[in-house]
Amino acid sequence: MVKLEKCPICEAVEIRPSHQSFGELPILVDYGFGKLGASVSVSYSECLRCGVEFQNPRMPDDDVTKFYSEGFYRKAIKATEKEMDLDEFNRAERITGKISRFYEGKLLPNSCLDFGCGKGHLVTQLSAKFPDAAVNGVDYDWDYTDIVQRDSDYMLDLITLIHSLEHVISPLDILDSLVERFEEGGHLVIEVPSSTAIGGAYRLAHTFVFTAPSLVYLCKLAGLEVLSIEADNNNNIMVICRK
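Scoring rules and cut-offs
Residues numbered from 1 in each chain as written. Predicted model: local features only at pLDDT ≥ 70, side-chain atom pairs only at ≥ 80, totals over all residues. Heavy atoms only, no water. Pairing = 2+ DSSP bridges. Helix = DSSP H or I, 4+ residues; strand = E, 2+ residues; numbered from the N terminus. 1 Å grid on protein atoms, 1.4 Å probe; cavity = no way out; pocket = protein on both sides within 12 Å on 5 of 7 lines; lining within 4 Å. Points joined across faces, edges and corners; volume = space filled by probe spheres on them. Nonpolar A, V, L, I, M, F, W, Y, C, P; charged D, E, K, R; others polar. Axes fitted to C-alpha atoms, helices over the stretch in contact; angles between N-to-C directions. Contact = heavy atoms within 4.5 Å. Phe/Tyr/Trp six-rings, centres within 6.5 Å; stacked < 30°, edge-to-face > 60°. Buried < 20%, exposed > 50% of the residue type's maximum accessible area, 1.4 Å probe, protein only. Lys NZ or Arg CZ within 6 Å of the ring centre and 35° of its normal.

## What about the pairing of strand E5 (residues 134–138)?
And step 1. Sheet topology places strand E4 (residues 111–115) next to E5; five bridges connect them, and they run parallel. The residue bridging Leu113 from the neighbouring strand is Asn136, located in E5.

Encoded structure:
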């Protein structure tokens with residue numbers, strides 16, 4: 001495990017323990033004389049400058065990447081594949097509706113990327129909503145996704161990160177790399193679970209837990225203008241930003 005001495009977002013050293021989650025992900029451990037059940041404990045620290053909470057200690061970078069790219073994350077979710085697929089589909093439908101309403105009366109996007117596309121439902125639904133746009137997706141676990149349109153290096157005017165940013169090693173590095181590919185005036189849509197989200201934000205899969213102010217702080221660090229921020233009935237936070 002990696003012990004962090006400063007905030008991974010703003011690099012402040014003023015951090016403090018904030019939360020510990022017990023009893024997640026029951027596993028079997030071989031003690032030599034037999035296998036016994038065990039569970040994972042996850043600890044978080046809070047940055048006193050920007051307000052973000054982050055796993056501390058957390059898995060090393062290579063293990064975080066392996067956790068997602070080799071499908072361990074989905075195996076750890078207490079749901080069937082059919083249930084996960086339905087949840088992703090419903091979420092994509094809800095997000096597509098919000099994006100569609102945002103673009104009413106505005107110039108429609110020509111090139112879109114869904115970062116952390118999962119099965120690909122949002123890519124499919126945005127393609128149907130904006131038929132003249134090139135809509136692509138990228139995900140760590142390509143064995144899981146069904147999409148045909150995969151990411152390329154062209155410039156973008158709409159990027160979505162829906163329940164993705166809380167899973168990465170460095171949210172600021174991700175945003176910086178995506179902003180570099182923005183057309184002037186391009187829009188970024190982010191949704192993450194808040195600390196009080198239904199279903200729980202504090203879990204092994206979530207390297208970060210955001211509040212509305214800490215998410216806005218992150219977006220501004222990446223040079224983005226925050227146009228709107230809202231919370232839904234499940235206490236998820238959505239921000240829409242512009243370059």
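From this point, things continue past the structure.
## Considering the layout of surface pockets
And step 1. By volume, the largest pocket is sized at about 1,200 Å³.
And step 2. If you trace the largest pocket, you find 48 residues lining it, with Tyr73, Asp87, Arg91, His163 and His167 closest to the centre.
And step 3. Every element with two or more residues in the lining of the largest pocket is listed here: strand E1 (15–30), helix H1 (61–69), helix H2 (72–76), helix H3 (81–102), E4 and helix H4 (121–129).
And step 4. Among the elements that make up the lining of the largest pocket, the one with the highest residue count is H3 (nine residues).
And step 5. For the lining of the largest pocket, the class distribution of residues is 22 nonpolar, 13 polar and 13 charged.

## Here's the deal with the sheet that holds strand E10 (residues 236–242)
And step 1. Taken in spatial order, the six strands line up as E5-E4-E6-E7-E10-E9 in an open sheet, and their pairing is mixed. Taken across any chain shown, the strands that pair with only one partner, and hence form the sheet edges, are E5 and strand E9 (225–231). Strand after strand, the sheet turns through a mean of 15° between neighbouring axes, direction not considered.
And step 2. Pairing between strand E6 (residues 156–162) and strand E7 (residues 182–193): six bridges, direction parallel. Counterpart to Leu158 in the pairing with E7 is His187.
And step 3. With respect to the sheet, H3 is in contact with E6, E7, E9 and E10, its orientation differing from that of E7 by roughly 140°.
And step 4. Where H4 meets the sheet, it contacts E4, E5 and E6, and its direction lies at approximately 175° from that of E5.

## Description of the packing of aromatic side chains
And step 1. On inspection of all chains with the given rule, the structure shows eight aromatic pairs.
And step 2. Aromatic side chains Tyr44 and Tyr202 sit 5.1 Å apart centroid to centroid with 80° between the ring planes, which places their arrangement in the edge-to-face category. One end of the pair, Tyr44, is in strand E2 (residues 35–47); the other, Tyr202, is in the loop between E7 and strand E8 (208–209), and 158 residues separate them in sequence.
And step 3. Considering the side-chain rings of Phe208 and Phe210, the 6.1 Å spacing of their centres and the 20° angle between planes classify their relative orientation as stacked. For the pair Phe208 and Phe210, one class covers both residues: buried.
And step 4. An aromatic cluster of at least three residues, connected via ring pairs, comprises Phe67, Tyr68, Tyr73 and Tyr140.
And step 5. Residue placement shows Lys106 over the ring face of Phe102; its charged tip is 4.3 Å from the ring centre.

Functional significance is not addressed by these values, which are geometric in nature.
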